[in-house]
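Here is how the chains run, residue by residue.
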Amino acid sequence: MGGTFDPIHHGHLVAASEVAAEYSLDEVIFVPTGEPWQKAGRRVTSAEHRYLLTVIATASNPRFTVSRVDIDRGGTTYTIDTLRDFRAMYGDAELFFITGADAMAQIMSWKNVEELWELAHFVSVTRPGYQSEDFGRSENISLMEIPAMAISSTDLRARGQAGDPVWYLVPDGVVQYIHKHRLYQDDSGTRPADASALSSRRHTMKQYHRKGSS
Ligand SMILES: Nc1ncnc2c1ncn2[C@@H]1O[C@H](COP(=O)(O)OP(=O)(O)OP(=O)(O)O)[C@@H](O)[C@H]1O
Ligand SMILES: O=C(O)c1ccc[n+]([C@@H]2O[C@H](COP(=O)([O-])O)[C@@H](O)[C@H]2O)c1
């Protein structure tokens, strides 16, 4: 499962766990991106922090591991390179690539998309607010319904900036690591999606305070 994981949250973990159970996977490898080109225009937390957050979040599950391939390769991250590396490492093992419906909606814009289908089977899990599609490629893409987790890294970063809690949206160790390293407190370099998530949080809180005081 590839992701920017900035930060990793329970939506990612539930997706991985559900797909692992459905397909009887031996292992789920979380692969934090190096430089995610479709997230250009916003500041991304350092790869080392995102890698360690992912290690902490997955440590208690014996079937979950974390790979540094996309970080250590350097440069822009493309899934075609990730899958070629895994194909070389794992020989003829059956490879599955787990994505949420939002990432799958973009897949036709990914580098060398036609070659991707030869390297792995894609499993697209449902995500609240996004339509699931297989682009008529049901032999290459399976759609899977999972419990709805309306959690996003964008909202978690906005919570950090607003000083709101992230408890129970991410594993406890992730909360502690975020606090220890003071991540997501500063809004310089914020991308438009974060700014709108933050302003919508502030708006909701104002409404709530007004109701509470009446
Ligand atoms: N709540 C969720 N339910 C299902 N899939 C998810 C969920 N959150 C993320 N994913 C999937 O996990 C993968 C990695 O996602 P990513 O690290 O970009 O998290 P994100 O929450 O979408 O981040 P951001 O809000 O910064 O865009 C993607 O394939 C994405 O679709
Ligand atoms: O290969 C590409 O061109 C490509 C473009 C955008 C995203 N991806 C991959 O999709 C996964 C989820 O990405 P993101 O940006 O939603 O965290 C991650 O593994 C990315 O490397 C891949």
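Residues numbered from 1 in each chain as written. Chains lettered and ligands numbered in written order. Predicted model: local features only at pLDDT ≥ 70, side-chain atom pairs only at ≥ 80, totals over all residues.

Looking at an unreviewed UniProt entry, the protein carries the name Probable nicotinate-nucleotide adenylyltransferase, with the source organism given as Nesterenkonia natronophila. Taken verbatim from the UniProt record of the protein, the Catalytic activity (unreviewed entry) comment is "nicotinate beta-D-ribonucleotide + ATP + H(+) = deamido-NAD(+) + diphosphate". Per UniProt, the protein has the following entry under Function (unreviewed entry): "Catalyzes the reversible adenylation of nicotinate mononucleotide (NaMN) to nicotinic acid adenine dinucleotide (NaAD)." (UniProt positions renumbered as here; feature names shortened; annotations may be inferred.)

Of regular secondary structure, the protein possesses nine helices and eight strands. The buried share of the protein, reckoned over its 214 residues, is 31%. Contacts in the protein between residues far apart in sequence, at least 24 positions, make up 70% of those at least 6 positions apart. (Helix = DSSP H or I, 4+ residues; strand = E, 2+ residues; numbered from the N terminus. Buried ≥ 20, exposed ≤ 12 C-beta atoms within 10 Å, placed from the backbone. Contact = placed C-beta atoms within 7 Å.)

Turning to the site of ligand 2, a few remarks are in order. As a structural note, the neighbourhood of ligand 2 is formed by 15 residues, with Gly2, Thr4, Tyr78, Thr79 and Trp110 the closest of them. Looking at side-chain class alone, the shell around ligand 2 contains six nonpolar, seven polar and two charged residues. (Near = placed C-beta within 6 Å. Nonpolar A, V, L, I, M, F, W, Y, C, P; charged D, E, K, R; others polar.)

What follows covers the site of ligand 1. In the vicinity of ligand 1 there are 18 residues, among which Gly3, Gly11, Gly100, Ser153 and Thr154 approach most closely. A per-element tally of the shell around ligand 1 places helix H1 (residues 10-22) first, with three residues. Residues of the shell around ligand 1, tallied by class, amount to six nonpolar, nine polar and three charged.

The next subject is the sheet that holds strand E2 (residues 28-32). With respect to topology, three strands assemble into an open sheet ordered E1-E2-E4, the strand pairing being parallel. Among the strands making up the open sheet, the edge pair consists of strand E1 (2-3) and strand E4 (64-66). Here E1 pairs with E2 via two bridges, running parallel. The residue bridging Gly3 from the neighbouring strand is Pro32, located in E2. (Pairing = 2+ DSSP bridges.)

Another point: the UniProt feature "domain: Cytidyltransferase-like" (unreviewed entry) in the protein. UniProt marks residues 1-159 with the feature "domain: Cytidyltransferase-like" (unreviewed entry), using the numbering shown here. With 38% helix and 18% strand, residues 1-159 has end C-alpha atoms that lie 25 Å from one another.

Attention shifts here to unusual backbone geometry. Following Asp6, the chain continues to Pro7 via a peptide bond in cis, the omega torsion being 0°. Mapping Pro7 onto the fold places it in the loop between E1 and H1. Positioned with a positive phi, Phe135 is a non-glycine residue whose angle comes to about 55°. In this fold, Phe135 is placed in the loop between strand E7 (121-125) and strand E8 (141-144). Of the residues examined, Phe135 has 13 C-beta atoms within 10 Å and is grouped as partly exposed. Non-glycine residue Tyr184 carries a positive phi angle of around 65°. Mapped onto the fold, Tyr184 is located in the loop between helix H8 (172-180) and helix H9 (192-213).

With that settled, the discussion passes to the pairing of E2. Within E2, five of the five residues are buried, which leaves the element mostly enclosed by the surrounding structure. Side-chain alternation along E2 places Val28, Phe30 and Pro32 on one buried face and Ile29 and Val31 on a second face that is also buried. Handedness of the crossover joining E1 and E2 through H1 is recorded here as right-handed. With three bridges connecting them, E2 and E4 associate as parallel partners. What sits directly across from Phe30, in E4, is Val66. (Right-handed = clockwise from strand over helix to strand, strands pointing away.)

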